[in-house]
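Residue-level structure breakdown
Spelled out from the first residue to the last, the chains are:
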Amino acid sequence: MEITYGYRSYRADRESSLTIGNFDGFHLGHQRILDTLVNASRASGTRSVLLSFQPHPLQLLAPEDAPRAITPPEEKVRLLGASRLEVLAILDFDRALSRMSGEEFVRKIVVGVFRARLVFVGSDFSFGHRRTGNVSLLQDLGRELDFQVRICPQVVVRGSRVSSTRIRELIRAGRISSANRLLGRFFSLKGKVVPGRGLGRESLFPTLNLRPGDELIPRPGVYVTQATFGRQNYPSVTNLGWRPTVSGKNLTVETHLIDTSLEKPPGDLGLAFLHRLRDEERFESLQQLRAQIARDCQRGRRFFRLFRRLGRPTAPAS
């Protein structure tokens, strides 16, 4: 996959099949659009192109309303690269671009630079300054500028419309299994392993402490997770929260590897969130907390045994 930053230096060697969007999370709806786009581009002899934006437009227009990313930028690029997409164009969403009308964006960039022949969008697609662009405008411009607009139907899973907004709601609510169904993979975090207070190794269970980035964080609680480092996957249980039993003051992500001991911690850790076990609780003693963690680990073991029995492979943490 070719990655180009901005549009001024891009030189189109042929016409394109193109879609537009942030594609945060690269969920089942995004996957459907790109699969349709790539197949159409191959059939028509055009280049498959995604026009995306960095940063998210709301970070410039309404920072207080800007959503946290479901998927970090580098992980989104990796997922897009596996989709057979030919060109990812990351446009710098600055003041100039934010003031561009929908019609100007199509004339100057979509057609003028990327030579769009086919444009794939959802039925509720809008774009441009003050959302002056929509499907109707695209269709009108398509007739004038000689490109076709193809409307991709909304993907629905178990009665839920697949969207980045809905997935964020589910993750924040701790409904991780439902979020995973809409994503089409496991929601995950990735970051550096940082030293803890040593309390787990001394009095409870040894943990790997992850320093999360600025991406979306699930609701505090205890989760069955899959830890990934050194190209290996490890069944694990993760407590994400404030550690009320030991008067914790900072949000922590602490992962215990089930039936695995390490001589030294890894530098980086990926965590795929598979299933929510319970809310975070405050216990009267460390002994009670230790007993509960042991029960959590036992439930985690049963979860992984069931997955293997059903033939559902766990995926590497993204």
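Our structure is the block above this text.
Residues numbered from 1 in each chain as written. Predicted model: local features only at pLDDT ≥ 70, side-chain atom pairs only at ≥ 80, totals over all residues. Heavy atoms only, no water.

1. Re the overall build of the protein chain
Applied cut-off: Runs of E in the DSSP output that reach at least two residues are strands. Runs of H or I that reach at least four are helices, and both are numbered from the N terminus. Each residue gets one of three labels from its accessible area relative to the maximum for its type: buried under 20%, exposed over 50%, partly exposed in between, using a 1.4 Å probe on protein chains only. For the area figures, the Shrake-Rupley method with a 1.4 Å probe applies, and any residue is considered shielded solely by the protein chains shown. Lys and Arg are tallied as positive, Asp and Glu as negative. Neither His nor the chain termini are counted. One atom stands in for each charge, and that atom is NZ of Lys, CZ of Arg, CG of Asp or CD of Glu.
A tally of helices and strands in the protein chain yields ten helices and 16 strands. Counting the 318 residues in the protein chain, one finds 50% classified as buried. Surface accessibility of the protein chain: about 16300 Å² in total, with carbon and sulfur atoms responsible for 47%. In the protein chain, 50 side chains carry a positive charge and 31 a negative one; their mean positions are 6 Å apart.

2. Some details on the pattern of salt bridges
Convention followed: Here a salt bridge means any side-chain nitrogen of Lys or Arg lying within 4 Å of a carboxyl oxygen belonging to Asp or Glu.
Applying the stated criterion across every chain yields a total of 20 salt bridges. One salt bridge connects Arg143 with Asp140, and the closest N-O pair in it is separated by 2.4 Å. With Arg143 and Asp140 both in helix 6 (residues 135–145) and three residues apart, the pair spans about one turn of that helix. For Arg143, a relative accessible area of 63% gives the class exposed. The exposure class assigned to Asp140 is partly exposed, which follows from its relative accessible area of 41%. Asp296 is paired through a salt bridge with Arg278; the nearest N and O atoms lie 2.7 Å apart. On the criterion of sequence distance, the pair formed by Asp296 in helix 10 (residues 286–309) and Arg278 in strand 16 (residues 268–278) is long-range, its members being 18 residues apart. Members of the salt-bridge network, linked through shared partners, are Glu2, Asp13, Arg14, Arg47 and Glu86.

3. A word on the side chain of Asn209
Cut-off, in case you're wondering: Here a polar contact means two N or O atoms within 3.5 Å. Within protein one must be a hydrogen donor candidate and the other an acceptor candidate, and residues neighboring in sequence count only if both atoms are side-chain atoms. What makes two residues a contact is simply this: any of their non-hydrogen atoms within 4.5 Å.
Tracing the chain through its elements places Asn209 in strand 12 (residues 208–211). Note on Asn209: relative accessible area 13%, which makes it buried. At 3.4 Å, the side chain of Asn209 forms a polar contact with the side chain of Thr207. With sequence-adjacent residues up to four places away left out, Asn209 is seen in contact with Lys192, Val193, Val194, Pro195, Gly196, Val253 and Glu254.

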